[in-house]
Amino acid sequence: TNEEFAKKFIQSKHGEEIRRKLQQPPKGISLKDKPGMNQKYANSAFRNLKLVIRRELAIWWRDRTKRIARTIQCLMMGVIVGTVFWQSDDPQTRMGVNFQSIFFISLGAMLKVP
């Protein structure tokens, strides 16, 4: 079986040599000693954030149909929620508006999850 083969290989001379080599630290120059290799990451955290935001905005701006659909969706939901809770001073109604808003944002965010 596969398990017996793996066990025999580990116990063999060749398997012992491979395990010994893997447990030793690497020989030679470390990357920190080479010029240009003293940073862990190529970009700073701020630059990474800036690049991600720029990329997301470019993707968002290119998809005209999605922008129009999302705008219409937001306007329709605003009108629906506005008419349902029009001129209401009840605190529980305000909680209903908050729940409806959070629910709408959550549903909209679920569309972006692949």
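The coordinates are above.
Residues numbered from 1 in each chain as written. Predicted model: local features only at pLDDT ≥ 70, side-chain atom pairs only at ≥ 80, totals over all residues. Heavy atoms only, no water.

Engineer: Which residues make up the overall build of the chain, and what values go with them?
Structural biologist: Scanning the chain from terminus to terminus reveals 5 helices and 0 strands. For the chain, the N- to C-terminal ordering of α and β elements is α-α-α-α-α. Of all 114 residues assigned to the chain, the portion counted as buried reaches 5%. When the accessible surface of the chain is totalled, it reaches about 11200 Å², and 63% of it is carbon and sulfur. (Helix = DSSP H or I, 4+ residues; strand = E, 2+ residues; numbered from the N terminus. Buried < 20%, exposed > 50% of the residue type's maximum accessible area, 1.4 Å probe, protein only. Areas by Shrake-Rupley, 256 points an atom, 1.4 Å probe, with all protein chains shown as cover.)

Engineer: Which residues make up the pattern of salt bridges, and what values go with them?
Structural biologist: On inspection of all chains with the given rule, the structure shows 3 salt bridges. One salt bridge connects lysine 21 with glutamate 17, and the closest N-O pair in it is separated by 3.4 Å. One end of the pair, lysine 21, and the other, glutamate 17, are both in helix α2 (residues 13-23), 4 residues apart, so they sit about a helical turn from each other. Looking at glutamate 17, the relative accessible area reads 33%, which means it is partly exposed. Measuring nitrogen to oxygen at the nearest pair gives 4.0 Å for the salt bridge that ties glutamate 56 to arginine 55. (Salt bridge = Lys/Arg side-chain N within 4 Å of Asp/Glu carboxyl O.)

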